[in-house]
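# Architecture at a glance
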Amino acid sequence: MNKILSITAVIGLLTIILGAFGAHALQETLSISELKSFETGVRYQMYHVIVLLFVNTYAGFNLKTKNVISYLFFAGILFFSGSIYAITLGVNAKNIWFVTPFGGLLFIVGWFKMAISFFKKNSIN
């Protein structure tokens, strides 16, 4: 679990750096629409970092559940936010159009896994 929390902390650090980069360095370079897209990537990344901190410190989930949710969210961040950053910074969207929704799907599956885990825990009690 310390490995997962360490990865989460590094992703959180990168989120702050990317947010600052977008707010300052990219403001003069990107259009308003592109900047909003970049900010969406940063925002979703931060949301999932916060949830990862909760998931991995919540005593009600076993290690397997924590790992499954964590890896789904890590991959979701990589594919969803990562593809938004890439497209915003110049990669042709036509080449990677499918990556962003795939990342979103990984987020959905992670949230679904978390919901099922809570329902199972509540039905036992």
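These notes cover the structure that comes with them. (Residues numbered from 1 in each chain as written. Predicted model: local features only at pLDDT ≥ 70, side-chain atom pairs only at ≥ 80, totals over all residues. Heavy atoms only, no water.)

Enumeration according to the criterion identifies 16 aromatic pairs in this entry. Joined through ring pairs, the aromatic side chains of Tyr44, Tyr47, Phe73, Phe80, Phe107 and Trp111 make up one cluster. (Phe/Tyr/Trp six-rings, centres within 6.5 Å; stacked < 30°, edge-to-face > 60°.)

Here the focus is the packing of helix H1 (residues 2–25) against helix H2 (residues 32–57). Where H1 contacts H2, the axes come no closer than 9 Å and their chain directions differ by 155 degrees. By the criterion of interaxial angle, the relationship of H1 to H2 is roughly antiparallel. Of the two possible hands of crossing, H1 and H2 adopt the one that is left-handed. The segment H1 lies against H2, with Ile4, Leu5, Thr8, Ile11, Gly12, Leu14, Thr15, Ile16, Leu18, Gly19, Phe21 and Gly22 engaging Leu35, Phe38, Val42, Gln45, Met46, Val49, Leu52, Leu53, Asn56 and Thr57. The class makeup of the residues in the contact of H1 with H2 is 14 nonpolar, 8 polar and no charged. (Axes fitted to C-alpha atoms, helices over the stretch in contact; angles between N-to-C directions. Helix = DSSP H or I, 4+ residues; strand = E, 2+ residues; numbered from the N terminus. Parallel < 35°, antiparallel > 145°, perpendicular 65-115°, else oblique. Left-handed = near helix turned anticlockwise from the far one by under 90°. Contact = heavy atoms within 4.5 Å. Nonpolar A, V, L, I, M, F, W, Y, C, P; charged D, E, K, R; others polar.)

Once that is clear, we can look at H2. Between its terminal C-alpha atoms H2 stretches 38 Å, which fits the 38 Å expected from 26 residues at 1.5 Å a residue. Buried residues of H2: Leu35, Phe38, Gly41, Val42, Gln45, His48, Val49, Val51, Leu52, Val55 and Asn56, and no others. (Expected span 1.5 Å × (residues − 1). Buried < 20%, exposed > 50% of the residue type's maximum accessible area, 1.4 Å probe, protein only.)

It is worth spelling out the nonpolar core at this point. Residues Val55, Ile69, Phe73 and Met114 are the most contacted members of the largest nonpolar core, which totals 15 residues. Residue assignment for this core shows that the elements contributing at least two residues are H1, H2, helix H3 (63–88) and helix H5 (99–124). Element by element, the count of residues in this core is highest for H3, at 6 residues. The contact partners of Phe73, leaving out residues within four places of it in the chain, are His48, Val51, Leu52, Phe107, Gly110, Trp111 and Met114. Formed by 6 residues, the second largest nonpolar core is a distinct cluster that contains Leu26, Leu30, Leu35 and Val42. (Core = buried A, V, L, I, M, F, W, Y, C linked by side-chain atoms within 4.5 Å.)

Considering the arrangement of structural elements, one finds Thr100 in helix H5. For Thr100, the side chain forms a polar contact with the side chain of Ser83, separated by 2.5 Å. When sequence neighbours within four positions are dropped, the list of residues in contact with Thr100 reads Phe79, Phe80, Ser83, Ile84 and Ile87. (Polar contact = N/O pair within 3.5 Å; in protein donor to acceptor, adjacent residues only side chain to side chain.)

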